[in-house]
Amino acid sequence: MRLLIAGPPGAGKGTQSTRISALLGVPHISSGEVLRDAMGTDSRVGESVRAWIDRGQLVPDELVLSLLQQRFSAPDVVEQGYILDGFPRNRRQARLLRYLDPYRSVEAVIRLVVPTSVVRERLRRRGRDDDHASAVRVRLAEYEDATRPMLAEFSRAFAMVTVDAARTVEEVTSRVLAGLRKHGLIKGLDLPSRYAGSALGNDA
Ligand code: AP5
Ligand code: MG
């Protein structure tokens, strides 16, 4: 399966990707994680990535693409597909998507919708290195200016699964799965029994 997951900082992209990846056996690729790994290397690339992330700014498109490309040629991604978390984040990156997986297309986009007040509180509690006030302000602005307009265009190109991500982690997962089922991408009966509750298949 080949999925994108998008939403503002703190929407739960990583949390939901981890769960969906485990449930459906699809590798989770997070652009933020790939960049944080690069940041951990003692190199000029690592240093500049750290500076962008610490300010909350988007890292240049080509650099993100080149760091992600390697992961896409790994056997598990070739075989199982992916849930891609955090890429693309602007219209230009959306056009670059085809260089990641040239012969296959994305099957659905999961869009997590959540009020800014909720994500501010989640990020304040978590306290990752880039969760300080000025970076959060810039990350939210990048989402509004670059990512939201891109997502508005996606509904013409992709099957969209739009979910209220202010609900509990479990409810959000159930609604994502229900949305995927609605688009014919999974069959309810394939899911482990603990997910076969009333929230599945209803109103995602
Ligand atoms: P990235 O790592 O992608 O950060 P982000 O988009 O700001 O999102 P977060 O990871 O903070 O939140 P999330 O939506 O994953 O939520 P999570 O599950 O963690 O990017 C970091 C930086 O890298 C960017 O600012 C940029 O500099 C750079 N970058 C990345 N991709 C790039 C790209 N494509 N191009 C250029 N630059 C790029 O949850 C957050 C918290 O909320 C957690 O504590 C979690 O436990 C909690 N939580 C989650 N869901 C719920 C729930 N339903 N109820 C209650 N709490 C919840
Ligand atoms: Mg994340």
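Rules used throughout
Residues numbered from 1 in each chain as written. Chains lettered and ligands numbered in written order. Predicted model: local features only at pLDDT ≥ 70, side-chain atom pairs only at ≥ 80, totals over all residues. Heavy atoms only, no water. Axes fitted to C-alpha atoms, helices over the stretch in contact; angles between N-to-C directions. Helix = DSSP H or I, 4+ residues; strand = E, 2+ residues; numbered from the N terminus. Parallel < 35°, antiparallel > 145°, perpendicular 65-115°, else oblique. Left-handed = near helix turned anticlockwise from the far one by under 90°. Contact = heavy atoms within 4.5 Å. Nonpolar A, V, L, I, M, F, W, Y, C, P; charged D, E, K, R; others polar. Pairing = 2+ DSSP bridges. Near = heavy atom within 4 Å. Polar contact = N/O pair within 3.5 Å; in protein donor to acceptor, adjacent residues only side chain to side chain. Areas by Shrake-Rupley, 256 points an atom, 1.4 Å probe, with all protein chains shown as cover. Core = buried A, V, L, I, M, F, W, Y, C linked by side-chain atoms within 4.5 Å. Buried < 20%, exposed > 50% of the residue type's maximum accessible area, 1.4 Å probe, protein only. Salt bridge = Lys/Arg side-chain N within 4 Å of Asp/Glu carboxyl O.

Trainee: So what exactly am I meant to see when it comes to the packing of helix H7 (residues 116–126) against helix H8 (residues 133–157) here?
Mentor: Helix-helix packing is described using two parameters, namely the angle between the two axes and the distance between the axes. At a minimum axis distance of 11 Å, the contact between H7 and H8 shows a crossing angle of 140°. Taken together, the axes of H7 and H8 lie oblique to each other. For the crossing formed where H7 meets H8, the hand is right-handed. In this structure, H7 uses Thr 116, Val 119, Arg 120, Leu 123 and Arg 126 to contact H8, whose residues at the interface are Val 136, Arg 139 and Leu 140. Looking at the contact of H7 with H8, its residues break down into four nonpolar, one polar and three charged.

Trainee: I would appreciate a short explanation of the sheet that holds strand S3 (residues 82–85) in the present structure.
Mentor: Note on sheets: strands pair through backbone hydrogen bonds, and any given pair is parallel or antiparallel. Strand order in the open sheet formed by five strands is S2-S3-S1-S4-S5, and the pairing between neighbours is parallel. Only two strands of the sheet have a single neighbouring strand rather than two, namely strand S2 (28–30) and strand S5 (160–164). When strand polarity is set aside, the average angle formed by the axes of neighbouring strands in this sheet is 20°. For strand S4 (residues 108–113) and S5, the ladder comprises five bridges, and the chain directions are parallel. Paired with Arg 111 across the bridge in S5 is Thr 162. Along the sheet, helix H2 (residues 31–39) makes contact with S2 and S3, crossing S2 at roughly 60°.

Trainee: Before we go on, may I ask you to explain the site of ligand 1 in this structure?
Mentor: In the vicinity of ligand 1 there are 32 residues, among which Thr 15, Ser 31, Gln 57, Arg 89 and Arg 126 approach most closely. In this structure, Arg 36 approaches ligand 1 through a side-chain N or O atom, which is 2.9 Å from an oxygen atom. Residue Val 59 places a main-chain N or O atom 3.0 Å away from a nitrogen atom belonging to ligand 1. Its free accessible area being 1,000 Å², ligand 1 has 86% of it covered by the protein chains. Broken down by secondary-structure element, the contributors of at least two residues to the shell around ligand 1 are helix H1 (13–24), H2 and H7. Looking at which element gives the most residues to the shell around ligand 1, the answer is H2, with four residues. For the shell around ligand 1, a count of residues per class yields 12 nonpolar, 11 polar and nine charged.

Trainee: Can you help me understand the nonpolar core in this one?
Mentor: Core analysis: the biggest nonpolar cluster contains 29 residues, and Leu 84, Phe 87, Leu 97, Leu 100, Val 109 and Phe 154 have the highest contact counts within it. When sequence neighbours within four positions are dropped, the list of residues in contact with Val 109 reads Leu 4, Leu 151, Phe 154, Phe 158, Ala 159, Met 160 and Val 161. Ile 5, Leu 23, Ala 108 and Ile 186 belong to the second largest nonpolar core, which has 22 residues in total.

Trainee: What should I look at first to understand the pattern of salt bridges in this one?
Mentor: As a working rule, side chains carrying opposite charge can pair if their charged atoms are close by. Going through the model one piece at a time under the given rule, you end up with 15 salt bridges. Its salt-bridge partner being Arg 92, residue Glu 62 comes within 2.4 Å of it at the nearest N-O pair. Of this pair, Glu 62 sits in helix H4 (residues 61–72) while Arg 92 sits in helix H6 (residues 91–100), and the two are 30 residues apart along the sequence. You can call Glu 62 partly exposed: its relative accessible area is 44%. On the basis of relative accessible area, Arg 92 is assigned to the partly exposed category, the value being 36%. Note that Asp 131 and Arg 126 form a salt bridge whose closest N and O atoms lie 2.8 Å from each other. Asp 131 sits in the buried class, given a relative accessible area of 10%. Each of the salt bridges in this network shares a partner with another, and the network as a whole consists of Arg 126, Arg 128, Asp 130, Asp 131 and Arg 139.

As far as function goes, none of this settles anything; it's purely spatial.
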